[in-house]
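# Chains, contacts and geometry: an overview
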Amino acid sequence: MFNAPFNAPFKARLDLEADCASCCGLCCVAPGFAASADFGLDKGPGEPCPHLDDDFCCRIHARLRLEGFQGCVAYDCHGAGQKVTQQTFAGRDWRAEPEIADQMFEAFMVMRQLHEQMMYLNEGLKLSPPAPIRRDLEMQLEDLERVTGLDPERLVEVDTAQSRRTVDGLLVRLSSHVRSRPAES
Ligand code: SF4
Ligand code: SF4
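A quick note: this is a predicted structure, and the numbers were derived from the prediction, not measured.

The next thing to look at is the overall build of the protein chain. A count of helical and extended segments in the protein chain gives six helices and zero strands. Reading the protein chain from its N end, one meets helices and strands in the order α-α-α-α-α-α.

The next point concerns unusual backbone geometry. With phi around 55°, His78 is a residue other than glycine that occupies positive phi space. By the secondary structure assignment, His78 is in the loop between helix 1 (70-74) and helix 2 (80-88). Phi is positive for Ser128, close to 50°, though the residue is something other than glycine. In this structure, Ser128 sits in the loop between helix 3 (101-125) and helix 4 (131-147). By the C-beta count within 10 Å, which is 10 here, Ser128 ends up exposed.

Our focus in this paragraph is the nonpolar core. Core analysis: the biggest nonpolar cluster contains 34 residues, and Leu26, Val84, Ala107, Phe108 and Met111 have the highest contact counts within it. Secondary-structure elements contributing two or more residues to this core are helix 2, helix 3, helix 4 and helix 6 (160-180). Here the element with the most residues in this core is helix 3; it accounts for nine residues. Ignoring sequence-local partners within four residues, the contact set of Met111 consists of Ala80, Lys83, Val84, Thr148 and Leu155.

The subject of this paragraph is the site of ligand 1. Around ligand 1 lies a shell of 12 residues, among which Cys20, Cys23, Cys27, Cys77 and Gly81 are the nearest. Residue composition of the shell around ligand 1, grouped by class: eight nonpolar, three polar and one charged.

Helix length check: helix 6, at 21 residues, gives a terminal C-alpha distance of 30 Å against a target of 30 Å (1.5 Å per residue), a fit within 8%. Three or more residues of helix 6 are buried, namely Val167, Leu170 and Leu174. Down the axis of helix 6, the buried side of the element spans an arc of 65°, and every buried residue falls inside it. Of the exposed residues in helix 6, those oriented more than 90 degrees away from the buried face are Ala161, Gln162, Arg165, Asp168, Gly169, Val172, Ser175, Ser176, Arg179 and Ser180.

Tracing the backbone through its elements, the reader meets Arg154 in helix 5 (residues 152-155). With 19 residues separating them along the chain, Arg154 and Arg135 place their C-alpha atoms 27 Å apart.

Across the interface, helix 3 lies against helix 6 with an axial gap of 10 Å and an inter-helix angle of 15°. Taken together, the axis directions place helix 3 and helix 6 in an arrangement best described as roughly parallel. Classified by chirality, the crossing of helix 6 by helix 3 is left-handed. Where helix 3 approaches helix 6, its residues Val110, Gln113, Leu114, Gln117, Tyr120, Leu121 and Gly124 are matched on the opposing element by Thr160, Ser163, Arg164, Val167, Leu171 and Leu174. Here the residues of the contact of helix 3 with helix 6 are counted per class, giving seven nonpolar, five polar and one charged.

Definitions and cut-offs
Residues numbered from 1 in each chain as written. Chains lettered and ligands numbered in written order. Predicted model: local features only at pLDDT ≥ 70, side-chain atom pairs only at ≥ 80, totals over all residues. Helix = DSSP H or I, 4+ residues; strand = E, 2+ residues; numbered from the N terminus. Buried ≥ 20, exposed ≤ 12 C-beta atoms within 10 Å, placed from the backbone. Core = buried A, V, L, I, M, F, W, Y, C linked by C-beta atoms within 7 Å. Contact = placed C-beta atoms within 7 Å. Near = placed C-beta within 6 Å. Nonpolar A, V, L, I, M, F, W, Y, C, P; charged D, E, K, R; others polar. Expected span 1.5 Å × (residues − 1). Arc of directions from axis to C-beta. Axes fitted to C-alpha atoms, helices over the stretch in contact; angles between N-to-C directions. Parallel < 35°, antiparallel > 145°, perpendicular 65-115°, else oblique. Left-handed = near helix turned anticlockwise from the far one by under 90°.

Written out as structure tokens, the structure is:
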């Protein structure tokens, strides 16, 4: 969660890094949090954090740790926020159009899972796996990318637990290959 105005142009790409300037503050609204060492208050799902400003910036961005919100500093949507805002909902936002809010938040929670899985696959590819594993990682990455382009109605129906199991299986294969590599001298 960062602090940036909601007005920057969005560039469609395989973007696995948050671009808060192109997002309507979805991580500050969609998930629910119980007060803890990481988040200083109780907040229900779909309830805007009281620190979220009208322009979708965080009012306490400069002092998140001091105020007891270090979880916000560590949080990463892996690019899900701007994709839901700009691609799935074509630049609309939940505040201007409350009637789309529930679906937008639900879509964000699904997209967040998909982007996290894509991030893991992408990191796996950086380890230069052998061709069969590389091919399967790339195929799954392409499949997930395609799924993230679904319209809101279909996106919220996606079974992220199933894709998580597939990704976990691939990463286990990759991990056992990496561990069996001879150590570099
Ligand atoms: S959902 Fe992602 S892009 Fe949007 S404000 Fe949060 S961290 Fe930034
Ligand atoms: S404290 Fe700031 S960054 Fe954290 S949820 Fe609230 S508005 Fe978002």
